[in-house]
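Remarks on the overall topology
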Amino acid sequence: MAGKNKDASLNKRAFTSGFFFILAQLFARGLTFAVTPIYSRLLTQAQYGIVRTYESWLLIAYTVMSLCLWRSVDVAKNDFEEDYNGYVSSVHTLSYIAIAFFFGICMIFKTQVQDFCQMDDLMFYSCFLYVFTYTSMLYVQRRDKQVLKYKFSTMATLLTIVPGTFLSIWLIYRGRVQGLIDQLVDRRVIGYYVPQIIGGAIVAIVIWTQGKKFINLKYWKYGLAFSLPLIPEALSIQIMNQSDKIMIQKMISNEAAGIFALATTISFIIWILEDSVWNAWIPWLYAKISQGEEKEVAKPWTSVMHMFGILSWVIVMLAPEAIAILGPAKYRPAVWLIAPMVSGTLFRFYSYSYSALQNYYKRTQYVAAGTIGTMVLNVILNYVCILNFGYMAAAYTTAFSYIILLLVQGILEHKITGMVIVPLRKTLLIAVVYGAINLLSMNLYKVSWYFRYAVLILVVAAAAIALRKQMAAVLKMFKKRK
């Protein structure tokens with residue numbers, strides 16, 4: 001009875017922690033989505049493309065420069081539970097040392113880096129300050145998720161994103177009023193990133209104060225052994241996610257990059273939900289694996305796949321209205337990018353169940369190998385297809401690359417671990433069906449809006465009835481009691 005009470009308490013804490021983690025992620029990232037209509041109207045189309053491409057460079061930069069050591073925090077909880085804060089503090093220091101090293105290299109080749117990335121001095125230096133402090137945020141978010149606490153990381157996230165968002169809007173608006181149109185990009189960088197840099201610096205101090213360890217070679221060796229093989233995989237994922245905007249900017253124009261970036265904001269909705277659910281799901285998943293209860297994962301995970309498949313279709317059906325809200329008429333071509341984008345995001349999410357097992361058993365080099373190969377394929381396809389078919393082709397090449405990634409990770413999971421959480425054939429079938437439905441549904445953009453809405457309401461109602469029991473079971477999963 002005591003054991004059951006302990007399990008119930010643990011599940012309750014996991015549910016509460018996961019709920020607040022998801023809530024914070026939804027609010028912080030959802031705020032970015034909510035203010036997109038403001039940015040797209042205050043900035044010129046070219047400036048909006050520059051701002052979004054700059055964000056892509058930041059995502060690539062922190063992935064490489066931090067050495068992905070923050071990802072080791074997930075698995076270190078089991079091996080260093082008696083000194084978990086010390087582990088986080090020590091490896092956090094190593095990330096800062098690595099970032100400083102990369103900063104030094106980039107300072108030597110400053111002119112070349114700025115020219116290639118199209119950054120002025122403000123953007124260049126802000127990039128490195130942001131990489132330092134955002135890395136600290138990643139450490140505290142993952143640490144608190146593993147210890148099933150949420151208050152500090154939730155508040156740290158909200159108190160940096162919210163002020164930065166509104167300050168940047170105010171600075172851009174004042175710039176337009178004063179006729180300083182050429183300064184709007186820099187004003188956005190100052191307003192949005194400075195509050196996050198300050199907040200991240202405070203978080204870094206908290207991590208070191210709580211952990212009380214700056215250097216521990218044992219922890220460094222553990223973190224490097226886990227995380228270094230993940231760098232190519234994490235970098236490959238970021239390149240797959242961001243290279244399309246960068247290549248469109250260089251091969252077509254800033255304006256085309258702006259249209260493409262606005263469309264990615266729509267797909268970002270499902271991306272936010274997927275990553276938030278997965279981050280809350282993975283501690284439970286790893287607990288099931290450690291207890292030898294992998295067979296209990298397949299059924300709820302299949303329900304989650306269907307839930308997000310239906311959600312992706314809903315987003316496709318609402319794309320015309322969403323694009324009209326997010327940007328003025330000059331962004332309307334973005335509507336034809338939504339279906340392949342959300343389908344690609346869906347395929348990426350489905351692949352998580354296969355890479356997770358490899359990460360759990362620290363077979364990260366195999367995860368990296370599959371992802372690197374897919375990334376190379378994606379970049380080649382992007383280049384060839386953008387050159388021959390225009391910038392919209394990049395959405396389709398990325399979706400195709402993600403389904404290849406799903407296939408590769410599924411094969412690797414079985415060959416490497418000898419285990420399968422969800423049969424690959426079943427996952428591929430679900431992915432192909434939802435991808436095809438999403439693409440075919442674009443034909444409904446040509447009919448009256450009320451017909452499209454009627455179809456949407458009928459299908460969603462039918463799906464809610466069909467899946468109500470399965471989804472109720474998933475929602476209760478973490479709250480299971482004695």
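An account of the accompanying structure is given in this report. All figures in this text were calculated on a predicted structure; none of them were measured in a lab. (Residues numbered from 1 in each chain as written. Predicted model: local features only at pLDDT ≥ 70, side-chain atom pairs only at ≥ 80, totals over all residues. Heavy atoms only, no water.)

**Brief notes about unusual backbone geometry**
- One non-glycine residue, leucine 67, adopts positive backbone phi at about 60°.
- Tracing the backbone shows leucine 67 in the loop between helix H3 (45-65) and helix H4 (73-79).
- Unusually for a residue other than glycine, glutamine 118 sits at a positive phi of about 55°.
- Considering the arrangement of structural elements, one finds glutamine 118 in the loop between helix H6 (110-117) and helix H7 (121-146). (Helix = DSSP H or I, 4+ residues; strand = E, 2+ residues; numbered from the N terminus.)

**Description of the packing of helix H5 (residues 84-108) against helix H10 (residues 217-227)**
- Between H5 and H10, the shortest axis-to-axis distance is 9 Å and the interhelical angle comes to 70°. Overall, the two elements H5 and H10 adopt an arrangement that is roughly perpendicular. The element H5 and its partner H10 pack so that their crossing is right-handed. When H5 is examined against H10, the residues Gly86, Tyr87, Ser90, Val91, Thr93, Leu94 and Ile97 are found in contact with a partner set consisting of Tyr219, Trp220, Tyr222, Gly223 and Leu224.
- Across the contact of H5 with H10, the residue classes break down as 8 nonpolar, 4 polar and no charged. (Axes fitted to C-alpha atoms, helices over the stretch in contact; angles between N-to-C directions. Parallel < 35°, antiparallel > 145°, perpendicular 65-115°, else oblique. Left-handed = near helix turned anticlockwise from the far one by under 90°. Contact = heavy atoms within 4.5 Å. Nonpolar A, V, L, I, M, F, W, Y, C, P; charged D, E, K, R; others polar.)

**Some details on the nonpolar core**
- Judged by nonpolar contacts, the single largest core of 142 residues is most densely connected at Trp278, Leu285, Trp301 and Tyr350.
- Those residues in contact with leucine 285 that sit more than four places away from it in its chain are Trp278, Val297, Ala356 and Ile421. (Core = buried A, V, L, I, M, F, W, Y, C linked by side-chain atoms within 4.5 Å. Buried < 20%, exposed > 50% of the residue type's maximum accessible area, 1.4 Å probe, protein only.)

**Remarks on helix H14 (residues 319-326)**
- Taken residue by residue, H14 has Ala319, Ala322, Ile323 and Leu326 as its buried positions. Considered in projection along H14, the buried side chains sweep an arc of 95° and stay on one side of the axis. (Arc of directions from axis to C-beta.)

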